[in-house]
Amino acid sequence: GESVGLHLPTLSVQEGDNSIINCAYSNSASDYFIWYKQESGKGPQFIIDIRSNMDKRQGQRVTVLLNKTVKHLSLQIAATQPGDSAVYFCAETNQGGKLIFGQGTELSVKP
Amino acid sequence: KAGVTQTPRYLIKTRGQQVTLSCSPISGHRSVSWYQQTPGQGLQFLFEYFSETQRNKGNFPGRFSGRQFSNSRSEMNVSTLELGDSALYLCASTKDGATGALHFGNGTRLTVT
């Protein structure tokens, strides 16, 4: 039958505000987690990663938090800019090249 | 350093035909993975190749196949195309597939009519 498009969660923020994007992962055996950003017409672009032996990792303007107890991952973007507008995916794996992706969150930044 | 390159960028095929998509990984990367992205199912893993061997496979029918060459370049083939195969097909590479994030190309947009 005809497939229905995924209704992506949407987050709308004002330029300069902080953004928090959440993700629930599925496999308690996953030991490596990645956040990707996908802009229209492009492939997913690596933002930041974290291994299961850590609970927090910081990059430039981004922070990833991992809560293994509740299988939850979050991405924090500081001072969000219009160029941050995109779809953000979390991904998990314990098998190297085989990633399991979340459904994605669409971030919209209002100038 | 050049990124992951996928060709062609766009393809239009008819039901029943077959198609071959090509991927050149980042230089030095030996693991290549393929993903299908659709609005209905999101991003789904197809298969992974390392040193010319398929190391992992997703839950797709046998009509989907792939291979990897000695220079790490990879191709995927879809036979007997169905309307539901319309999707963005993404290729990603890593050095060894065991560590580090996958680096994605911009995909091949396949439309089946």
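Remember, predicted model here, so these are calculated numbers, not experimental data.

Asker: Any chance you could explain the packing of aromatic side chains here in plain terms?
Answerer: Taken as a whole and judged by the stated rule, the model has 10 aromatic pairs over all chains. Measuring from ring centre to ring centre gives 5.3 Å for Tyr36 of chain A and Phe104 of chain B, while their planes differ by 90°; the resulting arrangement is edge-to-face. Residue Tyr36 of chain A is found in strand S3 (residues 32–38), and its partner Phe104 of chain B is found in strand S10 (residues 103–104); the two belong to separate chains. With respect to class, Tyr36 of chain A is no different from Phe104 of chain B; both count as buried. Following the ring pairs from residue to residue traces out a cluster consisting of Tyr36, Phe89 and Phe101 of chain A together with Tyr35, Phe45 and Phe104 of chain B. Across from the ring centre of Tyr32 of chain A, 4.1 Å away, lies the NZ or CZ of Arg51 of chain A, which sits over that ring.

Asker: Can you help me understand the sheet that holds strand S1 (residues 5–7) of chain B in this one?
Answerer: Neighbouring strands of a sheet are bound in pairs by backbone hydrogen bonds; such pairs are parallel or else antiparallel. Residues and elements named next belong to chain B. Spatial ordering of the open sheet is given by S1-S3-S8-S7, a layout of four strands whose pairing is antiparallel. Sheet topology places S1 and strand S7 (64–68) at the edges, where each strand pairs with a single neighbour. Going across the sheet, the axis of each strand differs from the next one's by a mean of 20°, ignoring polarity. Pairing of strand S3 (residues 19–24) with strand S8 (residues 74–78), which is carried by five bridges, proceeds in the antiparallel orientation. Bridge pairing links Cys23 to Ser74 in S8.

Asker: How should the layout of surface pockets be read in this particular structure?
Answerer: A water-sized probe, rolled over the atoms, reveals where empty space remains. A volume near 450 Å³ is recorded for the largest pocket. In terms of lining, the largest pocket is formed by 19 residues, of which the most central are Gln38 and Phe89 of chain A together with Gln37, Leu88 and Arg109 of chain B. Every element with two or more residues in the lining of the largest pocket is listed here: strand S8 (86–95) of chain A together with strand S4 (31–38) of chain B. A breakdown of the residues in the lining of the largest pocket according to their chemical character gives seven nonpolar, eight polar and four charged. By volume, the second largest pocket amounts to about 280 Å³. Secondary structure elements with two or more residues in the lining of the second largest pocket: strand S9 (98–101) of chain A together with strand S5 (42–50) of chain B. Partitioned by chemical class, the residues of the lining of the second largest pocket number seven nonpolar, seven polar and one charged.

Asker: Would you mind showing me how to read the sheet that holds strand S5 (residues 56–58) of chain A here?
Answerer: Residues and elements named next belong to chain A. Pairing is antiparallel in the open sheet, where four strands are placed in the order S2-S7-S6-S5. Only two strands of the sheet have a single neighbouring strand rather than two, namely strand S2 (19–24) and S5. Ignoring strand direction, the axes of neighbouring strands in this sheet form an average angle of 15°. Where strand S6 (residues 62–67) meets strand S7 (residues 72–77), six bridges bridge the pair, whose relative direction is antiparallel. Bridge pairing in S7 links Leu66 to Leu73.

Asker: How do you make sense of the state of the cysteines when you look at a structure like this?
Answerer: Among covalent bonds in proteins, the disulfide is the one between the sulfur atoms of two cysteines. Overall, the coordinates contain two disulfides over all chains when judged by the stated rule. With a sulfur-sulfur separation of 1.6 Å, Cys23 of chain A is cross-linked through a disulfide to Cys90 of chain A. Of this pair, Cys23 of chain A sits in strand S2 while Cys90 of chain A sits in strand S8, and the two are 67 residues apart along the sequence. For the pair shown, Cys23 of chain A and Cys90 of chain A are each scored as buried. Across the disulfide, Cys23 of chain B is cross-linked to Cys91 of chain B (sulfur-sulfur distance 1.8 Å). Around the S-S axis, the bridge from Cys23 of chain B to Cys91 of chain B shows a dihedral of about -60° and counts as left-handed. Within this pair, whereas Cys23 of chain B is found in strand S3, its partner Cys91 of chain B is found in strand S9 (residues 87–94), the two being separated by 68 residues in sequence. Comparing Cys23 of chain B with Cys91 of chain B shows no difference in burial state: the two are buried.

What counts as what
- Residues numbered from 1 in each chain as written.
- Chains lettered and ligands numbered in written order.
- Predicted model: local features only at pLDDT ≥ 70, side-chain atom pairs only at ≥ 80, totals over all residues.
- Heavy atoms only, no water.
- Phe/Tyr/Trp six-rings, centres within 6.5 Å; stacked < 30°, edge-to-face > 60°.
- Helix = DSSP H or I, 4+ residues; strand = E, 2+ residues; numbered from the N terminus.
- Buried < 20%, exposed > 50% of the residue type's maximum accessible area, 1.4 Å probe, protein only.
- Lys NZ or Arg CZ within 6 Å of the ring centre and 35° of its normal.
- Pairing = 2+ DSSP bridges.
- Axes fitted to C-alpha atoms, helices over the stretch in contact; angles between N-to-C directions.
- 1 Å grid on protein atoms, 1.4 Å probe; cavity = no way out; pocket = protein on both sides within 12 Å on 5 of 7 lines; lining within 4 Å.
- Points joined across faces, edges and corners; volume = space filled by probe spheres on them.
- Nonpolar A, V, L, I, M, F, W, Y, C, P; charged D, E, K, R; others polar.
- Disulfide = S-S within 2.5 Å.

That's the geometry; what it means functionally is another story.
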